[in-house]
Amino acid sequence: MSAPPVARPAAESAKEAPSPAMRSGPAPRPGGDPLIRLFHVSKSYAAGQFSLRDVSVEIKKGELVFLTGPSGAGKTTLMKLLFAAERPSEGQILVLGRNVARVGERGIPQLRRRVGVVFQDFKLIASRTVEENVAVTLEVIGVPPREARAKVFAMLRRVGLQHRRHHRPAALSGGEQQRVALARALVNEPAILLADEPTGNLDAALTVEIMDLIAAAASRGTTVLVASHDAALVRRYARRVLKLDGGRLVEDLPGGAPA
Amino acid sequence: MTRVLYQLYYFVRAAFAGLRGSPLTTGVSIATIAVATIPLGGLWVVTGNMRALLDRFGEELQLTAFLDSKVRSDQGRSLAAQASAIPGIDRVEFVSQEQALERFRTRLGGSALLDAIETNPLPASLSIALAEEARAPERVAAVSEALHQLPGVEDVAGGETWIEGYGRALRLVRSAGMGLGLVLSFATLLIVANTIRLAVYARRDELEILSLVGASRTHLRVPFLIEGVVQGAIGGAIGVALLFGIFHVAVPQLRDALELFLGWSDPSFLSPRNVGILVVGGAAFGLAGAAIAALRTRVA
Ligand SMILES: Nc1ncnc2c1ncn2[C@@H]1O[C@H](COP(=O)(O)OP(=O)(O)OP(=O)(O)O)[C@@H](O)[C@H]1O
Ligand SMILES: [Mg+2]
């Protein structure tokens, strides 16, 4: 956060995009080119009503950023813009060097394969098992089945769900489903992780476990954005906090010491 | 390259999961194609047997060109040579007046009646075997016309008129079959496409989620196309199997009627090749239906 934002061409930053989690050795410090940039972004679903209004922000590689604000502030909307589930009404958005506001039919899958998302409502496929749900991230890019199975199993173990891998989502508790969603988002080691209330259904102990997993991804170089209401959680991790209110970015607090 | 193969593996797996996951729509698609296959295949059995019958008669089909009494034997032989140059004619044999009488005699078994005749009343003729491709009724008429043009030919006989009628009937059945085929194809396509659309709708949550984790449009659509092909092939195979059953039950019961009205003594079912064509055709319909469904349904 001390480094001034450098206005280098976006395409270049894409080339330097991380191969997170594959790295060993000391964790890279957040810094360098921003992986996510918003320029005066507004989003309006219905005429005259803005869910996001003139938001400009930059997030650098490896940063772990909390997104807070009251219900309806626009947290989910901001995340949706980042993986092109919605288009901005105004402004430009660069993610991994791509102009998301203008990315085409073919570009969207390419983008989404590098952005892991934990959805607020999980979005698990009801007809598939836990294991199969996590594997879809790998299937869409054609990872060999054997390799995919191994990765999925390792990932499920990290979220403590390896024993539930043959169950369907309906047979899981809310917290378990949330962890499946996180496993699916992280299994392909994404460059960016967007987690929308990833601990909303977890008890205190599990919250710490899951947040540690997310923080670990950040320390391996994944750029992480976590939407959360939980002030205690935000304080505990003492990272950069973006606060939205009524669609406006009202605070951008640099974090304290890294956890 | 290998990634593409693995993706294909995932496509096929997803397709079979989809088939199993929505047994009702799968069943409707298969049944629709099976039901459409039966009348189409049935008509094909009918036209195939009519064609075979015509061919059998065609093999025995001979034309006789009767010659003017002024034509001498050597002229007759040169006429035979000319006739054999007419397209559609395979072999020509010159039968002189004497030979004609001789044949008549042996056929009648040396009757005393003929010995009483002083002058030979039988004309010389050309006995003509038609080439294979000329055995169709419409071609026979053309050949006969060409023979009439030869000098010294008085009359042409053969090419029984019933064959012409039978040929017309075959053409009629064929065009009726094509018309029915067109209507049935259209209806089948419509039903299959809409059924597969239902399957797409039923899975739209799944498709949306796949799209959100980075599935391309191809990835979302190809499994449906594979499902269409599988449903179509199964439907076609079931249709042919049912038709085979119907054929074996119906033919013995209708044996006399078939013999009497169609002249079939021993009708045959579709050849293995044509069975294959029907199954592949079913698969093509399944694919087309799925393609229409996939294109008309906006997927995530
Ligand atoms: N698809 C939509 N169509 C219309 N309005 C929408 C849509 N999605 C969100 N909104 C509106 O945009 C505003 C911001 O919604 P958003 O979901 O981004 O809030 P949020 O900060 O994620 O809230 P929460 O903490 O409750 O999840 C809300 O007023 C919401 O009603
Ligand atoms: Mg939200």
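For the structure itself, look to the data block above.
Residues numbered from 1 in each chain as written. Chains lettered and ligands numbered in written order. Predicted model: local features only at pLDDT ≥ 70, side-chain atom pairs only at ≥ 80, totals over all residues. Heavy atoms only, no water.

## Things to note about the overall build of chain B
And step 1. When its secondary structure is counted, chain B shows 10 helices and 4 strands.
And step 2. Overall, chain B shows an N-to-C arrangement of helices and strands of α-α-β-α-β-α-α-β-α-β-α-α-α-α.
And step 3. Counting all 300 residues of chain B, 41% fall into the buried class.
And step 4. Sequence separation of 24 or more characterises 83% of the internal contacts of chain B that already satisfy a separation of 6 or more. (Helix = DSSP H or I, 4+ residues; strand = E, 2+ residues; numbered from the N terminus. Buried < 20%, exposed > 50% of the residue type's maximum accessible area, 1.4 Å probe, protein only. Contact = heavy atoms within 4.5 Å.)

## Considerations on unusual backbone geometry
Residue and element names in this part refer to chain A.
And step 1. If you check the backbone angles, Asp54 has positive phi at about 50° while not being a glycine.
And step 2. Position of Asp54 relative to the elements: it lies in strand S2 (residues 52-61).
And step 3. Located in the positive-phi region is Glu189, a residue other than glycine, with phi close to 50°.

## A short note on helix H8 (residues 204-212) of chain B
And step 1. Along H8 of chain B, the residues that are buried comprise Glu206, Leu207, Ile209, Leu210, Ser211 and Leu212 of chain B.
And step 2. Taken from the residues just after H8 of chain B, Gly214 of chain B is the one with a positive phi, measuring 110°.

## Let's talk about the interface of chain B and chain A
And step 1. Every contact between the two is made by 18 residues of chain B and, on the other side, 22 residues of chain A.
And step 2. Both faces combined, the contact of chain B with chain A buries some 2000 Å², and carbon together with sulfur accounts for 59% of it.
And step 3. Contact with chain A buries area across many residues of chain B, yet Tyr10, Leu212 and Val213 of chain B alone supply 32% of it, more than any other trio.
And step 4. For the pair chain B and chain A, the interface holds 4 salt bridges.
And step 5. For Arg13 of chain B, the salt bridge goes to Glu139 of chain A, with nearest N and O atoms at 2.6 Å.
And step 6. Inspection of the chain B/chain A interface yields 7 residue pairs in polar contact (both at pLDDT 80 or more).
And step 7. Among the secondary structure elements, those contributing two or more residues to the side of chain B that touches chain A are helix H1 (2-21), H8 and helix H9 (217-262) of chain B.
And step 8. The residue makeup of the side of chain B that touches chain A, split by class, is 8 nonpolar, 5 polar and 5 charged. (Buried area = accessible area lost by both parts, 1.4 Å probe. Salt bridge = Lys/Arg side-chain N within 4 Å of Asp/Glu carboxyl O. Polar contact = N/O pair within 3.5 Å; in protein donor to acceptor, adjacent residues only side chain to side chain. Nonpolar A, V, L, I, M, F, W, Y, C, P; charged D, E, K, R; others polar.)

## Comments concerning the coordination of the magnesium ion (ligand 2)
All names here are of chain A.
And step 1. Bound to the magnesium ion (ligand 2) are the protein donor atoms Thr76 (OG1) and Gln120 (OE1), situated 1.8 to 2.3 Å from the metal. Highlighted residues: Thr76 in helix H2 (residues 75-82) and Gln120 in the loop between strand S6 (115-118) and helix H4 (130-139), separated in sequence by 44 residues.
And step 2. Here Thr76 falls in the partly exposed class, since its relative accessible area comes to 26%. (Donors = N, O, S within 2.8 Å, 3.2 Å for Na, K, Ca; no water.)

## Section: the site of ligand 1
Residues and elements named next belong to chain A.
And step 1. As a structural note, the neighbourhood of ligand 1 is formed by Tyr45, Ser51, Pro70, Ser71, Gly72, Ala73, Gly74, Lys75, Thr76, Thr77, Gln120 and His229.
And step 2. Contacts to ligand 1 include Ser51, whose side-chain N or O atom sits 2.6 Å from an oxygen atom.
And step 3. One of the backbone N or O atoms of Gly72 is found 2.8 Å from an oxygen atom in ligand 1.
And step 4. Here ligand 1 has 630 Å² of accessible area as a free molecule, and 61% of this is covered by the chains. (Near = heavy atom within 4 Å. Areas by Shrake-Rupley, 256 points an atom, 1.4 Å probe, with all protein chains shown as cover.)

## A short note on the sheet that holds strand S2 (residues 89-95) of chain B
Residue and element names in this part refer to chain B.
And step 1. Reading across from one edge, S2-S3-S1-S4 is the order of the 4 strands in this open sheet, with antiparallel pairing throughout. On the outer flanks of this sheet lie S2 and strand S4 (153-158), each paired with one strand and no other. For this sheet, the mean inter-axis angle between neighbouring strands, taken without regard to orientation, is 20°.
And step 2. Pairing of S2 with strand S3 (residues 125-130), which is carried by 6 bridges, proceeds in the antiparallel orientation. Looking across to S3, one finds that Arg91 is bridged to Ala129.
And step 3. Packing of helix H3 (residues 73-84) onto the sheet brings it into contact with strand S1 (62-67), S2 and S3, and relative to S2 it is tilted by some 175°. (Pairing = 2+ DSSP bridges. Axes fitted to C-alpha atoms, helices over the stretch in contact; angles between N-to-C directions.)

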